[in-house]
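Chains, contacts and geometry: an overview
So the chains spell out like this:
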Amino acid sequence: MEDNEAFVREVHDKGLAYDLPVMTRRRMLSAVGGAGALAVAGGTLLNGTAEPALAACAAEVDSETAGPYPADGSNGPNVRVLSGIVRSDIRSSFGTSTTTAAGVPLQFSLTINNAACTPTVGAAVYAWHCDRAGLYSLYSSGVTNQNYLRGIQVTNSSGTVTFTSIFPGCYAGRWPHIHFEVYSSLAAATSSSGLIKKTSQIALPEAVSRTVYASATGYSQSVTNLSRITLAGDMVFGDDLAATQMATVTGSVSAGYVANLTITV
């Protein structure tokens, strides 16, 4: 397998021109033919039978660009090194601003397993996404003095991090999504020189997104933007329909939503 950290360094934050048209590589299973024994997804396929435990956990989440608005020090500001960034509730800005991003409540959790199907305990996840208007704090016009919808959490004994946020909007040219970076530890995540183990994105389901955008205040532009993009046409998720990145989402506009995704890193 190619070195993932080298790949992350190669694609990491090449800007919007890269974020939209890039076709990121995928670690897809090859078509299997014949009766020979072949290695498949980290397990063994022998006469058409894969070892269940290994096959269930071996699909590594796709590496993606961080996009033009990471605020991780690679493209402008580095919010990761600021006091206050380690938090589970990322709806409000911290530091000199306390503005809270409005929108439909969303609690999203990311569970990280290693290739052996065991939880990755003590890793750190930096997550960020746009607000309901499709704007990114620290970058987009009108919110450059805000740092909301960004935060770092450490995986617990189950390998899980959970963030309290809002449902992100859909901006032109992109499917609704949440960005994240995985670091080996909190020290690495909050250091300007910390190495990224994985950069990827969480995709949000179409039906839920359409319901939120059509029903909730502040998402009107997202209705139009989502009508102009398909998951298959998205240049990040399109080549495999977010096979390793599509979250499971439950809830309602009135009660809020809960999103969950389990990945292998």
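Residues numbered from 1 in each chain as written. Predicted model: local features only at pLDDT ≥ 70, side-chain atom pairs only at ≥ 80, totals over all residues. Heavy atoms only, no water.

If you look the protein chain up in an unreviewed UniProt entry, it shows as Dioxygenase from Actinoplanes derwentensis.

1. Some points on the state of the cysteines
Test applied: By definition, disulfides here are pairs of cysteine sulfur atoms that lie within 2.5 Å.
Tallied over the full model, the rule gives 0 disulfides. Cys130 carries a free sulfur, and the closest cysteine sulfur to it, the one in Cys170, is 8.1 Å from it.

2. A look at the environment of Thr217
Where we set the bar: By the criteria applied, helices consist of DSSP H or I runs no shorter than four residues and strands consist of E runs no shorter than two, each listed in order from the N terminus.
The residue Thr217 is located in the loop between α5 (206–215) and α6 (220–227) in this model. When the C-alpha atoms of Thr217 and Arg132 are compared, they prove to be 9.1 Å apart, with 85 residues separating the residues in sequence.

3. Describing the sheet that holds strand β7 (residues 160–166)
Selection criterion: When DSSP finds two or more bridges between a pair of strands, those strands are recorded as paired. Every axis corresponds to a line fitted to the C-alpha atoms, with the helix fit spanning only the stretch in contact, and the corresponding angles, defined between N-to-C directions, vary from 0 to 180 degrees.
Taken together, the 4 strands give an open sheet; going across it, the order is β7-β4-β11-β10, and neighbouring strands pair in mixed fashion. Single-partner strands in this sheet number two, and they are β7 and β10 (248–252). On average, each strand axis in the sheet is tilted by 15 degrees relative to the strand beside it, whichever way the strands run. As paired strands, strand β4 (residues 105–113) and β7 are joined by 7 bridges and run antiparallel to one another. In the strand pairing of β7, Gln107 is matched with Thr164.

4. Describing the pattern of salt bridges
Stated formally: The term salt bridge refers to a pairing of a side-chain nitrogen on Lys or Arg with a carboxyl oxygen on Asp or Glu at a separation within 4 Å. Exposure is judged per residue with a 1.4 Å probe applied to protein chains only, and the accessible area is read against the type maximum: over 50% gives exposed, under 20% gives buried, and values in between give partly exposed.
Here the structure, examined in full by the defined rule, presents 4 salt bridges. Residue Glu60 is joined to Lys198 by a salt bridge in which the shortest nitrogen-to-oxygen separation is 2.7 Å. Here Glu60, found in the loop between α3 (52–57) and β4, pairs with Lys198, found in strand β9 (residues 196–203); they are 138 residues apart in sequence, far enough to count as distant. Across this residue pair, the class does not change: Glu60 and Lys198 are buried. With a closest N to O distance of 2.7 Å, Asp89 and Arg91 form a salt bridge.

5. Here's the deal with the sheet that holds strand β8 (residues 177–183)
Ordered by their spatial adjacency, 4 strands build an open sheet running β6-β5-β8-β9, and the pairing between neighbours is antiparallel. Whereas interior strands pair on both sides, the edge strands pair on one side only; in this sheet they are β6 (150–154) and β9. Along the sheet, successive strands turn relative to each other by an average axial angle of 20 degrees, direction set aside.

6. A short note on α6
This is how the line gets drawn: Along the arc lie the directions from the helix axis toward the C-beta atoms. Contacts are assigned to residue pairs that have any heavy atoms within 4.5 Å of one another.
Among all positions in α6, only Ser222, Asn225 and Leu226 are buried. With its buried residues spanning 95 degrees around the axis, α6 presents them on a single face. When the buried face of α6 is taken as reference, the exposed residues oriented beyond 90 degrees from it are Ser220 and Ser227. Looking at the buried residues of α6, the elements they touch are α5.

7. Side note on a nonpolar patch on the surface
Stated formally: The patch calculation keeps residues exceeding 30% relative accessible area without a salt bridge and links them within 9 Å when they carry like charges or within 5 Å when they are nonpolar (Val, Leu, Ile, Met, Phe, Trp, Tyr). Here, Shrake-Rupley sampling with a 1.4 Å probe gives the accessible areas, and only protein chains in the shown set may cover a residue.
Together, Val86, Val154 and Leu186 line one region of the surface with nonpolar side chains, adding up to about 190 Å² of accessible area. Within the secondary structure, Leu186 sits in helix α4 (residues 186–189). Since its relative accessible area comes to 31%, Leu186 is described here as partly exposed.

8. With respect to unusual backbone geometry
A positive phi is found at Ala71, a non-glycine position, where the angle reads about 50 degrees. By the secondary structure assignment, Ala71 is in the loop between α3 and β4. Overall, Ala71 belongs to the buried group, its relative accessible area being 0%. At Cys117, a residue that is not glycine, the phi angle is positive and equals roughly 70 degrees. By relative accessible area, which is 29% here, Cys117 ends up partly exposed.

9. Brief notes about the packing of aromatic side chains
This is how it is decided: Two rings from Phe, Tyr or Trp (for Trp, the six-membered ring) form a pair when their centres sit within 6.5 Å of each other. Planes less than 30 degrees apart are called stacked, planes more than 60 degrees apart edge-to-face, and all others tilted.
Under the counting rule described, the total for this entry stands at 8 aromatic pairs. Between Tyr136 and Tyr171 the ring centres are 5.7 Å apart and the planes differ by 75 degrees, which places this aromatic pair in the edge-to-face class. Of this pair, Tyr136 sits in the loop between β5 (124–128) and β6 while Tyr171 sits in the loop between β7 and β8, and the two are 35 residues apart along the sequence. Tyr136 gets classed as buried once you look at its relative accessible area, which sits at 2%. By the ring-pair criterion, three or more aromatic residues cluster together here, those being Tyr69, Tyr136, Tyr139 and Tyr171.

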